[in-house]
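Remarks on the overall topology
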Amino acid sequence: MENPEQELNFHELELDDRLLKDIARLGWISPTLVQEKAIPFLLQGKDVLIRARTGSGKTAAFAIPIIQSVLSRKGESAVRETSVLVMAPSQDLCHQIAKVFTELTSSCGPLVRVVDLSSKEDRATYRHLLADRPDIVVSTPGRLRTVLTDGTLNVRESLRCVTIDEADLMFSFGFERDLREVLKHFPPVHQSVLCSATLEEDVVSLKKLILHNPVVLKLEEPDLAIGSQLTHYQIEADEMDKAVVLYTILKLKLIQGKCIVFVKSVERCYRLKLFLEQFSIRSCILNSELPIKIRCHTVDQFNQGVYDTIIASDELMAVNPERVAKKKVKKPSTKQLLQQNSEAESSVSRGIDFQCVSCVVNFDFPSDINSYIHRAGRTARGKNNGSVLSFVSIDEQERKREVEEFLQGLAGDDGFTMKDFQFNFDEVEAFRYRAKDAWRAITKLSIREARIKELKAEMFNSEKLKSFFEENPRDLQTLRHDRTLHTVHVQEHLGDVPEYLVPPSLRSIVAFNNTKRHKKSSDKRHGKANKRASKAENPLLMDGMDYGKKRRV
């Protein structure tokens, strides 16, 4: 399918006024390509298989027609019934989907009720949440199987729509048995929707299970945004050079807007945070060790602009879980499968909506092409612009070449390649000395203490103060996840960068950024609204950084 010549607006889709009000409040003016193509078919009650890249707006594409259908039925009858089930492979994604439904039904009052079962483990809690027969239930297949089997939830007569998001991960995460059991509790006639970033064999199998004569929307768009919307850069750098480049671009504010820094392990998360901490560069961490509520709260605060830099570990299970499964020779026990599913659910999973991200930094180069797509898909979402900066060491060259070939294949003759990131190491020797000392100051013991300290603090905040935060929601907003860990000695003078250390060719850019920062602080003091731009014209100031020939590493 090709882009239409003229964009539609949401009010042209004949939606309920209450739904249009919430769409306008969210700042959505016109639907994305996947929303424009899918919503009319879904409103007609057809089964639909949606194949679209990450960041294309798939969640809203199925949420809007679902809410519209519920509102239409509510106008005819006030019967309380659970008519919609939405399944996703991870707790994080379930929370995100439920939040979208909640935001799109805020003007409906108690008329449309949404419940998220993904993180509730106590059966009494299940019964309490489902007692009033919520209209829309969001859950992982495992949790849904539990409430359907014990009779807490009965949808044999009321179910009208089933939606499975990130369908290509369902079998990979070990949910095949749960899905087959769940399907036994569904009525023979209902609308089904599958959403997936790929159309692999698992998705085809799932399609045969739940879809009947479906409309297949395979949008003619690349796996990543192309052209001027998403720019890819790479720089050859060893371990120490990576630290120097990251320190320089963050400290001199050469990255405009919000930034996600990807590393390959949880340990690397804490090493990098402790490194930046020594230069008074605040950052927060997102990894599979943190409790689910803390991860969701961290993403929410990042999206709201509470902090600008987030360090995320990209564990293999989160991006390509089937690769882990293939390495296992022996058939795992039931207990091991449950443990694997738990790990998979708690990963920084694909599909999490990081909003208005200007730049993605691959501090550790991705393990494969799918991982690169997953990371790069965190920026340039919707109609926003973005940049990807990848650090490449000697042993990562082969993987970089594979990614380059993939990117060239996306654009054909348009020259869609990874540009060289020009960085003159000779002009930042003072930064190198500082970075070298700070990197060596981080020991395995300090990393271990930092992980323990962070986990204890987050568990205390999420459990011990749970009831307090429920009664005092404003205090929850003051909870910050970018606080310093203080397990490495910090020298206060390293937080400042004297003007003489800044390369001459960058002083005008740094001065401009400082002026903007001071103006922003002044506006805040005078009570003016500090609105963040949804997208930056040039989120990564490459022109300002192209101040010399790149040193060969």
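Criteria and thresholds
Residues numbered from 1 in each chain as written. Predicted model: local features only at pLDDT ≥ 70, side-chain atom pairs only at ≥ 80, totals over all residues. Heavy atoms only, no water. Helix = DSSP H or I, 4+ residues; strand = E, 2+ residues; numbered from the N terminus. Buried < 20%, exposed > 50% of the residue type's maximum accessible area, 1.4 Å probe, protein only. Contact = heavy atoms within 4.5 Å. Areas by Shrake-Rupley, 256 points an atom, 1.4 Å probe, with all protein chains shown as cover. Core = buried A, V, L, I, M, F, W, Y, C linked by side-chain atoms within 4.5 Å. Axes fitted to C-alpha atoms, helices over the stretch in contact; angles between N-to-C directions. Parallel < 35°, antiparallel > 145°, perpendicular 65-115°, else oblique. Left-handed = near helix turned anticlockwise from the far one by under 90°. Nonpolar A, V, L, I, M, F, W, Y, C, P; charged D, E, K, R; others polar. Polar contact = N/O pair within 3.5 Å; in protein donor to acceptor, adjacent residues only side chain to side chain. Arc of directions from axis to C-beta. Pairing = 2+ DSSP bridges. Salt bridge = Lys/Arg side-chain N within 4 Å of Asp/Glu carboxyl O.

Attention shifts here to the overall build of the protein chain. When you go through the protein chain residue by residue, the secondary structure sums to 22 helices and 14 strands. Per-residue burial over the protein chain gives 54% buried out of 553 residues. Taking contacts inside the protein chain between residues at least 6 apart in sequence as the whole, the part at least 24 apart equals 81%. Looking at the protein chain as shown, the accessible area adds up to about 25,900 Å², and 48% of this sits on carbon and sulfur atoms.

With 49 residues, the main nonpolar core has Leu 246, Ile 249, Leu 272 and Phe 275 as its most contacted residues. If you list the elements that add at least two residues to this core, you get β8 (230–236), α9 (239–251), β9 (258–263), α10 (266–277), β12 (357–362), β13 (386–392), α17 (429–440) and α18 (444–464). Contacts of Phe 275, omitting those with residues within four sequence positions, involve Ala 243, Tyr 247, Ala 435, Ala 438, Trp 439 and Ile 442.

Next up on the list: the packing of α9 against α10. As a packed pair, α9 and α10 sit with axes 11 Å apart at the nearest point and diverge in direction by 55 degrees. The orientation of α9 relative to α10 falls into the category oblique. Regarding α9 and α10, the two cross each other, and that crossing is right-handed. Facing α9, whose interface residues are Glu 239, Ala 243, Leu 246, Tyr 247 and Leu 250, α10 presents Arg 268, Leu 272, Phe 275 and Leu 276. When grouped by side-chain class, the residues that make up the contact of α9 with α10 number seven nonpolar, no polar and two charged.

Turning to the environment of Ser 72, a few remarks are in order. Mapped onto the fold, Ser 72 is located in helix α3 (residues 58–76). Under the relative-accessibility criterion, Ser 72 is labelled partly exposed at 36%. A distance of 2.9 Å separates a polar atom in the side chain of Ser 72 from the backbone oxygen of Gln 68.

All of the buried residues along helix α1 (residues 17–25) are Leu 19, Leu 20, Asp 22 and Ile 23. Angularly, the buried residues of α1 cover 160 degrees about the axis, an arc narrow enough to put them on a single face. Exposed residues pointing more than 90 degrees away from the buried face of α1 are listed as Asp 17, Lys 21 and Ala 24. A side-chain oxygen of the first residue of α1 lies 2.8 Å from the backbone nitrogen of Arg 18; this N-cap is Asp 16. Gly 27, located one to two residues past α1, shows a positive phi value of around 85 degrees.

Looking now at the sheet that holds strand β3 (residues 114–116). Sheets are built from strands paired through backbone hydrogen bonds, the pairs being either parallel or antiparallel. Spatially, β3-β4-β2-β5-β6-β1-β7 is the arrangement adopted by the seven strands of the open sheet, whose pairing is parallel. Single-partner strands in this sheet number two, and they are β3 and β7 (215–218). Here the average twist between neighbouring strands, direction ignored, is 10 degrees. Across four bridges, the pairing between strand β1 (residues 48–51) and strand β6 (residues 191–196) is parallel. Opposite Ile 50, over in β6, you have Cys 195 as the bridge partner.

Within this structure, the stated rule accounts for 19 salt bridges. Ionic pairing is found between Asp 135 and Lys 74, a salt bridge with its closest N-O pair at 3.0 Å. Here the residue Asp 135 occupies a position in the loop between α5 (123–130) and β4 (136–139), and Lys 74 occupies one in helix α3, the gap between them amounting to 61 residues. Taking the relative accessible area as the measure of exposure, Asp 135 reaches 2% and is therefore buried. A cluster of three or more residues bridged by salt bridges with shared partners is formed by Glu 239, Lys 242, Arg 268, Asp 364 and Glu 396.

Take the sheet that holds β12 next. Taking strand neighbours across the sheet as the criterion, the seven strands line up as β10-β11-β9-β12-β13-β8-β14 in an open arrangement whose pairing is parallel. Both outer strands of the open sheet, β10 (284–286) and β14 (419–420), are each paired with one neighbouring strand and no more. Bridge count between β9 and strand β11 (residues 309–313): five bridges; the pairing is parallel. By the bridge assignment for β11, Phe 262 is matched with Ala 312. Together, β9, β10 and β11 form the strand contacts of α10, whose direction differs from that of β11 by roughly 155 degrees. Each of β9, β10, β11 and β12 is contacted by helix α11 (residues 292–303), which is oriented at about 130 degrees to β10, the strand it contacts most.

In short, shape yes, function no, at least from these values alone.
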